[in-house]
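For reference, the chains in residue letters:
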Amino acid sequence: MTDLQKHNIRNVAIIAHVDHGKTTLIDGMLKQGGTFRKNQQVAERVMDSMDLERERGITIMAKNTALRYGDVKINIVDTPGHADFGGEVERSLNLVDGALLLVDASEGPLPQTRFVVKKALAKELPIIVIINKIDRSDSRIAEVINEVYDLFIDLDATEEQIEFPVLYTNAKTGVAHRKQGDTSADLQPLFETIISHVPAPRADDNAVPQLLITNLDYDPYVGQVALGRLTNGILEMNRSYSLCGLEKVTPGIKFSALYTFEGLEKLQVDRVEAGDIIAVSGVDRVVIGDTISSLEQPIPLPRIYIDEPTVSMTFYVNNSPMAGTEGKFLTSRHLKDRLERETLWNVALKIKLLAQKNMFEVCGRGELQMAVLIETMRREGYEFMVSKPQVITKEEKGQVLEPTERLLIDIPEEFIGIITETVSRRKGRMTNLINKGSGHTNLEFIIPSRGLIGFRNHFLTDTKGAGIMNTLFEGYEPWFGPIPQRANGTLVADRGGRVTPYASLAMEDRGELLIEIGSDVYEGMVIGERNKPGDLYVNITKEKHLTNMRASSSDATVTLRPPRRMSLDQCIEFIAEDELIEVTPESIRLCKMELDKSKRHSKPKG
């Protein structure tokens, strides 16, 4: 029997919790793999290419790079660590034959890592465990390794999967050790472990070509670029192939370019071999999950399946009185084109066109994924409005089912009471409590996805910022009934104008303002949170009447409480069903769906 393994290629994914040093380790591997010239200036965290990734310190998009160690080409796929980006994770793992699990030497394997490890074990990928940041003063390496074993056992890993090799690294200095304190001064042990432990891809150059498209990119010069792993066969320029889509096979497609990866660059080539991670351009209307195969006898590969969307938000064309003053892209056509472009590469998102032409329903995996999309569009110059997130329900045998999440919480033990009470109010039920005697407690709950909308803010406040929370999609259960939302009403501007210090002072005992003095407001704009249920319409533009007894500057020394500045994520959690967020490149404002007070049924909420 012929050996179909490509011994000159290794394909690995790198898995880690947010901020455990994954991207820093890849930087070190690229430098030692000879990707950068000795004197080349390299940005830190080269793999975090989106501004949002650098700011939030998370990997959102799955990306890949390649380096050479001797005669072997190592393709490294960087996976997102957050369950909201499950679509990215699923596709990353389809490309590889093994995985590196990077764990912080002090924090250990955190809940979010669990999501990706579970997916990797289900695909029977061999895993290499890397204990990173071994130089930390609070490192507890032996306990962390035991926690990794516990995690594997908990996820039903097989005997072979539990026999994983362990390496100890300091990604910042670019050093890996097989045993703690050995004389290694570089990452050579890591490269050698990858080559010995990760199997070479099984691929036959003589078989029918099969390229499963797992990611899409866009290049301003060549248009859409499709990425994937060439499972079998050879692809060449100037030859015709077939595109196997969901519903039909399109024969006669040709490539305008073929690429392999070298370092962080795409390298244009005339021919690509089986087993490698490659990219092609020039294929029209390709979508993730399609297979490119031979012209005469196309054989499609199984399509990619990912977690279903659980949350939807409605995107509206901005129709507030301030519409069009700050953004470049304003119309429903702009909005529709941008959202459709997003779904070309982000398979976890679905767009539904609604009856009204100026509204679009966007379905995704969670608030964070939605917030990233909104923030990205905002920075690109789009102006639009979004509604409160809603959960996507299903109906079976006449019963309404709603999505549930497994909520994993790590908190100091003094907060157990308040957190348990808050979660139970949101219809969560506790399934596990582990107190390791270290002052921290791990709690697990099953909670409806609805109950998590707006929960993160309360959680951080209740735990004084010391808690860690993560969620994983669990399944569907019968509707849990009503869940209490924001208890307080809002302060709403009853007319347009500019916010004055005099009017703001009068609001001090009514609630907390969300906008600065001197800001422009319009009728129906939410300007603050009231300290009671029900909405209160106020004149926030009121000037002080001057008399001949007092000068206009006589109360210039009044000190006002500073307004509460809310981020986009906090706004998404804050708004009620009848409110919208107005998003522009320069501002984030809150307003009522119906701006005109006379058309609204003003009844207290509670």
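Residues numbered from 1 in each chain as written. Predicted model: local features only at pLDDT ≥ 70, side-chain atom pairs only at ≥ 80, totals over all residues. Heavy atoms only, no water.

A.B. asks: For this particular structure, what's the right way to read the overall build of the protein?
C.D. replies: For the protein, the count of helices and strands is 14 helices and 35 strands. Taking the intrachain contacts of the protein between residues at least 6 apart in sequence as the baseline, contacts between residues at least 24 apart amount to 71%. (Helix = DSSP H or I, 4+ residues; strand = E, 2+ residues; numbered from the N terminus. Contact = heavy atoms within 4.5 Å.)

A.B. asks: Sorry, what's going on with helix H1 (residues 22–32) here?
C.D. replies: Residues separated by three or four positions in an α-helix point in the same direction, a consequence of the helix having 3.6 residues per turn. Extensive coverage of H1 is indicated by the burial of 8 of its 11 residues. Taken together, the buried positions of H1 are Lys-22, Thr-23, Leu-25, Ile-26, Asp-27, Gly-28, Met-29 and Leu-30. (Buried < 20%, exposed > 50% of the residue type's maximum accessible area, 1.4 Å probe, protein only.)

A.B. asks: How do you make sense of the pairing of strand S16 (residues 277–281) when you look at a structure like this?
C.D. replies: Each regular strand carries side chains that alternate between the two faces of the sheet. Summarising burial for S16: 5 of the 5 residues are buried, a large majority. Both faces of S16 are covered, namely the face carrying Ile-277, Ala-279 and Ser-281 and the face carrying Ile-278 and Val-280. Two strands pair when backbone bridges link them, and strand S9 (residues 223–232) and S16 are joined in this way by 5 bridges, in the antiparallel orientation. Each residue of the ladder has a partner; that of Leu-227, found in S16, is Ala-279. Taken together, the 4 bridges between strand S13 (residues 257–262) and S16 define a ladder with antiparallel strand orientation. In the sheet register, Thr-260 faces S16, and the bridge partner there is Ile-278. (Pairing = 2+ DSSP bridges.)

A.B. asks: What should I look at first to understand the environment of Ser-587 in this one?
C.D. replies: Structurally, Ser-587 is set in the loop between strand S34 (579–583) and strand S35 (588–592). Placed 209 residues apart in sequence, Ser-587 and Arg-378 show a C-alpha to C-alpha distance of 9.2 Å. In contact with Ser-587, not counting residues within four places along its chain, are Glu-326, Arg-378 and Glu-582. For Ser-587, the side chain forms a polar contact with the side chain of Glu-326, separated by 3.0 Å. (Polar contact = N/O pair within 3.5 Å; in protein donor to acceptor, adjacent residues only side chain to side chain.)

A.B. asks: How should the packing of H1 against helix H7 (residues 188–197) be read in this particular structure?
C.D. replies: In helix packing, the relevant descriptors are the interaxial angle and the interaxial distance, both defined with respect to the helix axes. Running from N to C, H1 and H7 cross one another at 90°; their axes reach a closest spacing of 11 Å. Of the possible angle classes, the one that applies to H1 and H7 is roughly perpendicular. Every residue of H7 that contacts H1 at Leu-25, Met-29 and Gln-32 is listed here: Leu-190, Phe-191 and Ile-194. (Axes fitted to C-alpha atoms, helices over the stretch in contact; angles between N-to-C directions. Parallel < 35°, antiparallel > 145°, perpendicular 65-115°, else oblique.)

A.B. asks: For this particular structure, what's the right way to read the nonpolar core?
C.D. replies: Across soluble globular proteins, you tend to see nonpolar side chains buried next to one another. Membership of the largest hydrophobic core comes to 38 residues, with the highest contact counts inside it found for Leu-101, Val-117, Ile-127, Val-129, Ile-131 and Phe-152. The dominant element in this core, judged by the number of residues it contributes, is helix H5 (residues 141–154), at 6 residues. For Ile-131, the contacting residues outside a window of four places in its chain are Val-103, Ala-105, Ile-141, Val-144, Ile-145, Val-166, Leu-167, Tyr-168 and Thr-169. Core analysis: the second largest hydrophobic core is formed by 27 residues, Leu-373, Ile-575, Ile-581 and Leu-590 among them. (Core = buried A, V, L, I, M, F, W, Y, C linked by side-chain atoms within 4.5 Å.)

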